[in-house]
Amino acid sequence: MDQAIIKQLVKVFVKNFSLLLTESGLYPPHHPNVVAQTHQTLAALKEAFNILPEIYLDILEGQFAYEGIPLYEIKHIVEKVAQMLESKAIKCICFKIGLSPQNLSLFVQMLSDKIKHLNAEGLQSELGKANIASIIVEKKRDKKEDNKHTLLEANKVYGGSIEANKLIYSAIQAGKVLPLDVVDKVAQDITSLIAQDSCSSLALAALRSYDEYTFTHSTNVAILSVALATTVIEDPLLLNRLARAAILHDIGKTKIPLKILNKPDKLNPDEWQLMQQHPLLGAQILEQQATMDELSIIIASQHHMKYDLSGYPRIQHLAPLHPLSLIVNICDIYDAITSRRPYKNSLPCDKALAFMMRLIGCDFDPAFFKIFVQMMGVYPPGSLVRLNTREFAITKRARPTALLLPQVKIIIDASGQLLADPLLIDLSDNEQNNTGRNIEEVVEPSTIGIDPLDFI
Ligand SMILES: [Fe+2]
Ligand SMILES: [Fe+2]
């Protein structure tokens, strides 16, 4: 069954269910508005149950979501109800086939009960007492458990993306058709992961292994680009298309000999000229596919052109670049210079941003670069830093209004002891940070023998 049809049925149900909860908050159970809306909701459920045995509705950051993807299109209609459910610590509601009108009404009354104010646990217990098995309410995990779950998810998506990139590259190298279904699955996973928790995703992008640059680079550029684009784009389909394009942006490198790609020394003029062909080679590969999104072709050809068009390939007419090419351009360079390669060491994130700042207006679009810095902070999520107190911390979340003072997790105290219970503090918050802690420098994790992934 087409996923788009399923999603449409779920959206109709969510809209009706939200309306039912709104009406029930205003009128008693037997009021004609409530009765009519109960019928509408059941009709929508019946349609959905024709193809699904159960519907899991997630509540993510104050929004309804299905299969991990927020239902952006109906956000404005159902947002208040989603927030009300979130305030009851509900993480997920499962509706199962066989749900009777009476049981749906009872559940809605439980949710609307202004005296008992039942939370997720209370609701599930009441459902049990009423022998209602066709509705299950799952409570939100506590923060610690939730972080662990998201990181596991993030790791899974990241690992899946690396494997998919290997498959994509080997297919092209063997002259086979691009496995577009694989690309699209990864693109969708990355988009929904960022919708759930962009900080964990950004941290993963910062902590990739150094061995598989070709594959980690595409994944990182996709993560960074989608995270940056979500600040200006709400359309999930466009975000998916951007993720796909970012995954494929360097596909032209499959046509460049490995001895040039991995050469430890500076490329000679002939080799450099060949290397500069990878954007157009990539666009050609993508054009040759039976079905290919125009955006992927545009981004593959434009990602090295630079904001002022002084990059490569040089174009004759000075048409402006596609705005999403400008986003990929920033993320591509950031990942390239913060990665260790056979021919160069990596730049620490703060030095990389300082270096890139000098190229604003020439290499990089000023408006997107500003948002990029606000998103990453000077010390992006996942960086290991040493504080002025001699403590070590992992940066967790950037603060757009205080770029030098992110939220951090202190993992090693001033005496060098690993903390059993790391301390989460916001360096920009004077109450939490009442001892004037600040960041002195970024530290390479291997120099003190820790893996930041264990602490995110
Ligand atoms: Fe490239
Ligand atoms: Fe690249």
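Keep in mind that what you see is a predicted model, and the values were worked out from it rather than measured.

### Comments concerning the overall build of the protein chain
Counting its regular elements, the protein chain contains 17 helices and ten strands. Over its C-alpha atoms, taken along the principal directions, the protein chain stretches across nearly 80 × 60 × 35 Å. Out of the 456 residues in the protein chain, the part that is buried amounts to 37%. The long-range fraction of contacts in the protein chain, counting pairs at least 24 apart against all pairs at least 6 apart in sequence, stands at 63%.

### Some points on the nonpolar core
Core analysis: the biggest nonpolar cluster contains 75 residues, and I190, I223, V226, A243, I327 and I330 have the highest contact counts within it. Looking at this core, you find at least three residues from each of domain 2 (144-375) and domain 3 (384-455). If sequence neighbours within four positions are ignored, I327 has contacts with S225, L228, A229 and F368.

### A closer look at the sheet that holds strand β9 (residues 418-426)
The strand order β9-β8-β7-β6-β10 describes an open sheet built from five strands, whose pairing is antiparallel. Of all strands in the sheet, those with a lone pairing partner are β9 and β10 (439-442), marking the two edges. Between one strand and the next, the sheet's axes are offset by a mean angle of 35°, whatever the strand orientation. Note: strand β7 (residues 392-397) against strand β8 (residues 407-412), five bridges, orientation antiparallel. Note that in β8 the partner of T395 across the bridge is V408.

### Structural notes on the sheet that holds strand β1 (residues 54-60)
Within a sheet, neighbouring strands are paired by backbone hydrogen bonds and run either parallel or antiparallel to one another. Strand order across the open sheet formed by five strands is β3-β2-β1-β4-β5, with antiparallel pairing between neighbours. Edge positions in the open sheet fall to β3 (69-70) and β5 (135-139), since each of these has one partner strand only. For β1 and strand β2 (residues 63-66), the ladder comprises three bridges, and the chain directions are antiparallel. Residue pairing for β2: D58 is matched across the bridge by A65. Of the strands in this sheet, β1, β2 and β4 (90-96) touch helix α3 (residues 75-87), which is tilted by about 100° from β2.

### As for unusual backbone geometry
Residues Y312 and P313 are joined by a peptide bond in cis, for which omega reads -10°. Relative to the helices and strands, P313 resides in the loop between α14 (294-302) and α15 (323-338).

### Here's the deal with helix α8 (residues 198-206)
In terms of burial, α8 is largely enclosed, as nine of its nine residues are buried. When α8 is considered as a whole, its buried residues turn out to be S198, C199, S200, S201, L202, A203, L204, A205 and A206.

### Some words on the environment of Q316
If you trace the backbone, Q316 turns up in the loop between α14 and α15. When the C-alpha atoms of Q316 and D350 are compared, they prove to be 36 Å apart, with 34 residues separating the residues in sequence.

### Notes on the packing of helix α7 (residues 180-196) against helix α9 (residues 213-229)
Contact geometry for α7 and α9: axes closest at 10 Å, N-to-C directions at 50°. Considering their axes alone, α7 and α9 lie oblique with respect to each other. Seen from above, α7 lies across α9 with right-handed handedness. Taken together, the residues of α9 that come into contact with α7 (itself represented by I190, T191 and I194) are A222, I223, V226 and A227. When grouped by side-chain class, the residues that make up the contact of α7 with α9 number six nonpolar, one polar and no charged.

### Structural notes on the domain arrangement of the protein chain
Here the protein chain is partitioned into domain 1 (3-140), domain 2 (144-375) and domain 3 (384-455). Between the C-alpha centres of domain 1 and domain 2 there is a distance of 39 Å. Contacts between the two partners involve five residues from domain 1, matched on the other side by five residues from domain 2. Split into classes, the residues belonging to the side of domain 1 that touches domain 2 amount to four nonpolar, one polar and no charged.

### Looking at the environment of L353
Residue position: L353 is located in helix α16 (residues 349-357). On the basis of neighbour count, L353 is assigned to the buried category, with 22 C-beta atoms found within 10 Å. Taking the C-alpha atoms as reference points, L353 and M376, separated by 23 residues in sequence, lie 9.4 Å from one another.

### Topic: the pairing of β2
Hairpin remark: β1 followed by β2, antiparallel, with two residues in the connecting loop; positive phi at E61, about 45°. Bridge analysis of β2 against β3 gives two bridges, and the strand direction is antiparallel. Looking at the pairing, A65 lines up with P70 of β3.

### Remarks on the environment of P264
When you line up the elements, P264 lands in the loop between α11 (258-261) and α12 (269-275). Here P264 falls in the exposed class, since 8 other C-beta atoms lie within 10 Å of it.

### With respect to the confidence of the model for the protein chain
Residue-level pLDDT values for the protein chain average 87, and 94% of them are 70 or greater. Taken element by element, the predicted model of the protein chain shows its lowest mean pLDDT in β3 (72) and its highest in α14 (97).

About the cut-offs
Residues numbered from 1 in each chain as written. Chains lettered and ligands numbered in written order. Predicted model: local features only at pLDDT ≥ 70, side-chain atom pairs only at ≥ 80, totals over all residues. Helix = DSSP H or I, 4+ residues; strand = E, 2+ residues; numbered from the N terminus. Buried ≥ 20, exposed ≤ 12 C-beta atoms within 10 Å, placed from the backbone. Contact = placed C-beta atoms within 7 Å. Core = buried A, V, L, I, M, F, W, Y, C linked by C-beta atoms within 7 Å. Domains from an automatic or database assignment. Pairing = 2+ DSSP bridges. Axes fitted to C-alpha atoms, helices over the stretch in contact; angles between N-to-C directions. Parallel < 35°, antiparallel > 145°, perpendicular 65-115°, else oblique. Left-handed = near helix turned anticlockwise from the far one by under 90°. Nonpolar A, V, L, I, M, F, W, Y, C, P; charged D, E, K, R; others polar. pLDDT = per-residue confidence, 0-100.

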